[in-house]
Amino acid sequence: MIITDTHTHLYSNEFDEDRDQMIQRAIEAGVSRFFIPAIDSTFTQAMYDLENDYPKNIFLMMGLHPTHVKDNYLEELQHVEEELAKRKFYAVGEIGIDLYWDKTHLEEQKEAFRKQIQLAKQYKLPIVIHCREAFEEIFEILEEEKTVDLLGIFHCFSGTYEQALQAISYNMKLGIGGVVTFKNGKIDQFLSQIDLKHLVLETDSPYLAPIPHRGKRNESSYLVNVVDKLALIYKLPNEEIARITTENSRAIFGI
């Protein structure tokens, strides 16, 4: 059984004490494919180091995270552009809009999101979207930028059924992680109405650990708890959930 974690911050300093052991635990649990989102230029070397250590398991994205869109965002976007021109990446991400923490740079976030979608189209790469309290703004830009070949993942999807359908209409898979196991997560109430072909799995580790680990540091091996929950929702064997969602990840990332 191959399980794919489409979104994990393995370079996080929360893993500094036991990173290799944590990755090994995941591989032993069947989670053997890790897609690593970028945040900003200060994390780039750590991402390359991870890829060097686990070349068969780790696949990198490049992008500027919306919460890191600051006054120097044009320099950061230049870094993204330079790295994309240098080598192979599997997505432009994570990119998007976050209005939960700070609305100060909303216009810059919009500009950065739009620019990085255009880079994804230029390099024929999928996008991985971070959306927090910003569905309206995200959908507005996706509507402007949509093309038949633009596709990607709505990372950590936590919206409504209607928003799920709208995301899917833009060729986006829904990234499903620990939230689906939460009593107040709500997405478990309508997921059965969404065809499994539209879903991929993720942890967003070290954040959003699923039950029974909620409140602790998340790690990729905990993705088996998400598989368990989806198996209940879809009334399918765990192996089938793993197979279909991994196939879906291959359709997005091309590997």
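Residues numbered from 1 in each chain as written. Predicted model: local features only at pLDDT ≥ 70, side-chain atom pairs only at ≥ 80, totals over all residues. Heavy atoms only, no water.

This part is about the side chain of Asp5. In this structure, Asp5 sits in strand β1 (residues 3–5). Buried charge without a salt bridge: Asp5, with Arg33 as the nearest opposite-charge side chain at an N-O distance of 10 Å. Apart from residues lying up to four places away in sequence, Asp5 is in contact with Val31, Arg33, Phe34, Phe35, Leu201, Glu202, Thr203, Ser205, Ser220 and Leu223. (Helix = DSSP H or I, 4+ residues; strand = E, 2+ residues; numbered from the N terminus. Buried < 20%, exposed > 50% of the residue type's maximum accessible area, 1.4 Å probe, protein only. Lys, Arg positive; Asp, Glu negative; His and termini not counted. Salt bridge = Lys/Arg side-chain N within 4 Å of Asp/Glu carboxyl O. Contact = heavy atoms within 4.5 Å.)

Below, the discussion takes up the nonpolar core. By size, the foremost hydrophobic cluster in this structure holds 77 residues, and its most contacted members are Ile127, Leu142, Phe154, Leu174 and Leu230. Considering every element that reaches this core, the biggest residue donor is helix α7 (residues 223–234), with seven residues. By size, the runner-up hydrophobic cluster in this structure holds 10 residues, among which are Phe35, Phe59, Met61 and Tyr90. (Core = buried A, V, L, I, M, F, W, Y, C linked by side-chain atoms within 4.5 Å.)

What the rule picks out here adds up to 14 aromatic pairs. Aromatic pair Phe35 and Phe59: ring centres 4.9 Å apart, planes at 25°, arrangement stacked. Here Phe35 is found in strand β2 (residues 31–36), whereas its partner Phe59 is found in strand β3 (residues 58–60), with 24 residues between them in sequence. Of the residues examined, Phe59 reaches a relative accessible area of 7% and is grouped as buried. On the basis of an interplanar angle of 35° and a centroid distance of 6.5 Å, the ring pair of Tyr48 and Phe89 is categorised as tilted. Here Tyr48 is found in helix α2 (residues 44–53), whereas its partner Phe89 is found in the loop between α3 (73–86) and β4 (92–98), with 41 residues between them in sequence. Exposure remark for Phe89: the relative accessible area of 2% places this residue in the buried category. (Phe/Tyr/Trp six-rings, centres within 6.5 Å; stacked < 30°, edge-to-face > 60°.)

Restricting attention to buried positions, one finds in α2 the residues Thr44, Met47, Tyr48, Leu50 and Glu51. All buried residues of α2 lie within an arc of 160° about the axis, which places them on one face of the element. The exposed set on the far side of α2, more than 90 degrees from its buried face, consists of Gln45, Asn52 and Asp53. Against the buried residues of α2 lie α1 (19–28), β2, β3 and α3. (Arc of directions from axis to C-beta.)

Turning our eyes to something else, we now look at the sheet that holds strand β5 (residues 127–132). Strand order in the open sheet made by the five strands is β4-β5-β6-β7-β8, with parallel pairing throughout. Where the open sheet ends on each side, the last strands, each with one partner, are β4 and β8 (199–201). When strand polarity is set aside, the average angle formed by the axes of neighbouring strands in this sheet is 30°. Here strand β6 (residues 152–154) pairs with strand β7 (residues 172–176) via three bridges, running parallel. Of the residues in β7, the one forming a bridge with Ile153 is Lys173. Sheet contacts for α7: β7 and β8; angle to β8, the most-contacted strand, approximately 150°. (Pairing = 2+ DSSP bridges. Axes fitted to C-alpha atoms, helices over the stretch in contact; angles between N-to-C directions.)

With omega at 0°, the peptide bond leading from Gly93 into Glu94 counts as cis. Its place among the elements puts Glu94 in strand β4. With omega at 15°, the peptide bond leading from Ile211 into Pro212 counts as cis. Here Pro212 is to be found in the loop between β8 and α7. One non-glycine residue, Glu133, lies in positive phi territory at about 55°. Take Glu133: it is sitting in the loop between β5 and α5 (135–145). Residue class for Glu133 comes out exposed when judged on its relative accessible area of 53%. Phi is positive for Lys235, which is not a glycine, with a value near 55°. Position of Lys235 relative to the elements: it lies in the loop between α7 and α8 (238–253).

With the rule as written, the count across this model stands at zero disulfides. Counting only cysteine sulfurs, Cys156 is the nearest neighbor of Cys131, a cysteine outside any disulfide, at a range of 10 Å. Classification of Cys131 as buried rests on a relative accessible area of 13%. (Disulfide = S-S within 2.5 Å.)

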